[in-house]
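Observations on chain architecture
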Amino acid sequence: MVRETRGNRLFFDGCDLTEIAEKYGTPLYVMSYNDMMDHINELKKDFIDAYPDTKNRVAYASKAFACTAMYKILDKAGMSIDVVSGGELYTARKAGFPAERIEFNGNNKQPSEIDSAVEYGVGRIILDGIQELPLIESACKKYNKKMNIMIRITPGVAASTHDYIVTGKKDSKFGIPLDEEILMPIVKEILDSKWLNFCGLHMHIGSQLFTNDAYLKALDVLMDWAGKIKEKFDADVSEVNFGGGFGVRYTDEVRKPYKYFLDPMMELLKKRAEEIGIACPDAVIEPGRSIVAEAGVTLYKVGQIKSIPGVRKYVSVDGGMGDNIRVALYQAKYDACIANKADETCDDKVTVCGKYCESGDILLTDYMLPRSVKAGDILAMYSTGAYGFTMASNYNMNPVPGVVLVRDGKSAWMIKPQTYEELTQNMVIPDII
Ligand code: LLP
């Protein structure tokens, strides 16, 4: 466990978080190198090394947390990455991430994004609609490059999670509907093109999932279509992407090992491939949250405290919905601790709010903290490594906090905090006013 209490202080990957807050300032995202590596190593062992006859790969979903240093860590670990925008691709290129280990996803890829993906020579483009095909082909002609194409299908399976993060059900803006008239012409166009190489099928059913049943149902449906493709075109699906979505611990959730999801899926993949009469496809997964969520802690400084008699006690901190929109957007729940009072009993029920001008800017509701909490204390909110920094905003013209990497007692910036100058540098006063 990278998080531990020593005396009254909370430590994270060997670093005293109160000292980190003093040294780097607050609000601050802190990422643990060792926690991320634990998850990466679990994946290597249980998904790659456990299946030595395959070319299984892990394409980390950048949307959970991306920056040049993160891409460097993933590159050194031999991982692939999934990108969904020109910006993620640009960041990966800037970090020198190898093109062939990049998979380009997304539901409305822009012509300029497709152009730079082909120019860089990404390993896979994951097709989300037929309109993307002519764009990819013309970029291939322009750069004289052939592209590997996977098709993202919508398996029509509803996973049980928050409605906003369900993606695999039939009524979804993502993926290609499983309809003969829609899917088969796309497969044919790819097979007929000298610029495109048909690799296989992709699915992603949702996020923060704890049971494997929806994954298995969706994979079964996907393999029915692999069978239909074999029958109609005698073409083999040689890769299957299972997507991401493996659940993590925010408060009292019980995290399942990757094996729990992946072993039965690998078994089903093999069985269905045999039935169809194709070689067992290589499997790809796209975990994001499960690699970085628990590796992140956000540090805030406590400011104003307001007790409303008979109602509640508000403890304000110097960040909020700008650095973590997940509470307001998904009613997400978190755990937290006072990093400089880590050994004190939590005997006071408080509501921790942010500094943004919005009543919904609440981080923790009716949460137990020590009665002694006062201005200047450091609040550490756990499991904020995924979809925190990457969903941050400049609401109220607050700069986005920086990210510090901690590893075995050492610390260093991964991303420096935004400055007021950077906040305003693209602003122009037009001469028509
Ligand atoms: N692959 C695809 C195609 C995806 O759409 C996603 C997430 C992933 C992989 C990674 O899923 P993960 O392993 O991170 O669960 N902002 C929301 C989560 C949105 C997820 C969108 N897609 C949140 O903060 O909970």
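As a reminder, the structure under discussion sits directly above these lines.
Model, not experiment: these values are computed from the prediction.

**Details of the overall build of the chain**
The helix and strand inventory of the chain stands at twelve helices and 21 strands. By the compact-globule yardstick of 22 Å for 433 residues, the chain fits well, its C-alpha radius of gyration being 23 Å. Principal axes of the C-alpha set define a box for the chain whose edges measure 70 × 60 × 40 Å. For the chain, long-range pairs separated by at least 24 residues make up 69% of all intrachain contacts whose partners lie at least 6 apart in sequence. About 18900 Å² of surface is accessible on the chain, with carbon and sulfur atoms providing 50% of the total. For the chain, the distance from the average site of its 52 positive side-chain charges to the average site of its 60 negative ones is 2 Å.

**Quick word on the packing of aromatic side chains**
Within the structure shown, the criterion is met by eleven aromatic pairs. Geometrically, the ring pair formed by Tyr-215 and Phe-261 is edge-to-face, given 5.3 Å between the ring centres and 65° between the ring planes. Linking Tyr-215 in helix H8 (residues 213-233) with Phe-261 in helix H9 (residues 258-276), this pair joins segments that are 46 residues apart in sequence. Classification of Tyr-215 as buried rests on a relative accessible area of 0%. Judged by its relative accessible area of 2%, Phe-261 falls in the buried class. The interplanar angle of 85° and the centroid separation of 5.7 Å between the aromatic rings of Phe-246 and Tyr-258 together place this pair among those described as edge-to-face. In this pair, Phe-246 sits in the loop between strand E12 (239-241) and H9 while Tyr-258 sits in helix H9, placing the two residues twelve residues apart along the sequence. The class of Tyr-258 is buried, set by a relative accessible area of 2%. Chaining the aromatic ring pairs together yields one cluster made of Tyr-215, Phe-246, Tyr-258, Tyr-260 and Phe-261.

**Let's talk about the pattern of salt bridges**
Per the stated rule, a full pass over the model turns up 26 salt bridges. For Arg-371, the salt bridge is made with Asp-347, and the minimal N-O distance between the two is 3.9 Å. Separated by 24 residues along the polypeptide, Arg-371 in the loop between strand E18 (362-369) and strand E19 (378-382) and Asp-347 in the loop between strand E16 (336-338) and strand E17 (348-353) bring together distant segments of the chain. Here Asp-408 ties to Arg-407 by a salt bridge, and the two come within 4.0 Å at their closest N and O atoms.

**Section: the pairing of strand E14 (residues 296-308)**
The pairing of strand E4 (residues 28-32) with E14 spans four bridges and is classified as antiparallel. Bridge assignment links Val-30 to a residue of E14, and that residue is Val-297. Relative to E19, E14 is paired through five bridges, and the arrangement is antiparallel. Counted as the bridge partner of Leu-299 is Ala-380 from E19. When E14 meets strand E15 (residues 312-317), the two strands line up antiparallel, connected through five bridges. Following the sheet pairing, Ser-307 is matched in E15 by Lys-313. In this antiparallel pair of consecutive strands, E14 and E15, the connection spans three residues, and Gly-310 shows a positive phi of 75°.

**Observations concerning the state of the cysteines**
Under the definition given, this model contains zero disulfides. Here Cys-280 stays unpaired: no disulfide links it, and the sulfur of Cys-199, its closest cysteine neighbor, is 15 Å away. The exposure class of Cys-280 is partly exposed, given its relative accessible area of 34%. With no disulfide of its own, Cys-357 has Cys-353 as its nearest cysteine by sulfur position, at a separation of 11 Å.

**Remarks on the site of the ligand**
The immediate surroundings of the ligand are formed by 17 residues, with Ser-207, Glu-286, Arg-326, Tyr-330 and Tyr-387 found nearest. In the environment of the ligand, an oxygen atom lies 3.2 Å from a nitrogen or oxygen atom belonging to the side chain of Lys-63. Tyr-330 has a polar side-chain atom sitting 2.7 Å from a nitrogen atom of the ligand. Protein contacts shield 92% of the accessible area of the ligand, which totals 580 Å² for the unbound molecule. Counted by class, the shell around the ligand contains six nonpolar, six polar and five charged residues.

**Notes on helix H4 (residues 86-94)**
Those residues of H4 that sit buried are Glu-88, Leu-89 and Ala-92. All buried residues of H4 lie within an arc of 100° about the axis, which places them on one face of the element. Of the exposed residues in H4, the ones pointing more than 90 degrees away from its buried face are Tyr-90 and Lys-94. Check the buried side of H4 and you find it contacts helix H3 (68-76), strand E6 (80-83), strand E7 (102-104) and helix H5 (111-120). The first or second residue beyond H4 is Gly-96, which carries a positive phi of 75°.

**With respect to helix H6 (residues 132-143)**
With twelve residues, H6 extends 17 Å between its outermost C-alpha atoms, agreeing within 8% with the 16 Å of an ideal straight helix rising 1.5 Å per residue. Within H6, the full set of buried residues consists of Glu-132, Leu-133, Ile-136, Glu-137, Ala-139 and Cys-140. Taken end-on, H6 shows its buried residues confined to a sector of 165°, consistent with a single buried face. Facing away from the buried surface of H6 by more than 90 degrees, the exposed residues are Lys-141 and Lys-142. Lining the buried residues of H6 we find H5, strand E8 (124-127), strand E9 (147-154), helix H7 (180-192) and strand E11 (196-202).

**Section: the nonpolar core**
Residues Phe-65, Ile-151, Leu-219, Met-223, Phe-242, Val-292 and Met-414 are the most contacted members of the largest nonpolar core, which totals 114 residues. Among residues more than four places away in sequence, those in contact with Leu-219 are Met-203, Val-240, Phe-242, Met-265, Leu-268 and Leu-269.

How each quantity is defined
- Residues numbered from 1 in each chain as written.
- Predicted model: local features only at pLDDT ≥ 70, side-chain atom pairs only at ≥ 80, totals over all residues.
- Heavy atoms only, no water.
- Helix = DSSP H or I, 4+ residues; strand = E, 2+ residues; numbered from the N terminus.
- Rg over C-alpha atoms; globule rule 2.2 N^0.38 Å.
- Contact = heavy atoms within 4.5 Å.
- Areas by Shrake-Rupley, 256 points an atom, 1.4 Å probe, with all protein chains shown as cover.
- Lys, Arg positive; Asp, Glu negative; His and termini not counted.
- Charge placed at Lys NZ, Arg CZ, Asp CG, Glu CD.
- Phe/Tyr/Trp six-rings, centres within 6.5 Å; stacked < 30°, edge-to-face > 60°.
- Buried < 20%, exposed > 50% of the residue type's maximum accessible area, 1.4 Å probe, protein only.
- Salt bridge = Lys/Arg side-chain N within 4 Å of Asp/Glu carboxyl O.
- Pairing = 2+ DSSP bridges.
- Disulfide = S-S within 2.5 Å.
- Near = heavy atom within 4 Å.
- Polar contact = N/O pair within 3.5 Å; in protein donor to acceptor, adjacent residues only side chain to side chain.
- Nonpolar A, V, L, I, M, F, W, Y, C, P; charged D, E, K, R; others polar.
- Arc of directions from axis to C-beta.
- Expected span 1.5 Å × (residues − 1).
- Core = buried A, V, L, I, M, F, W, Y, C linked by side-chain atoms within 4.5 Å.

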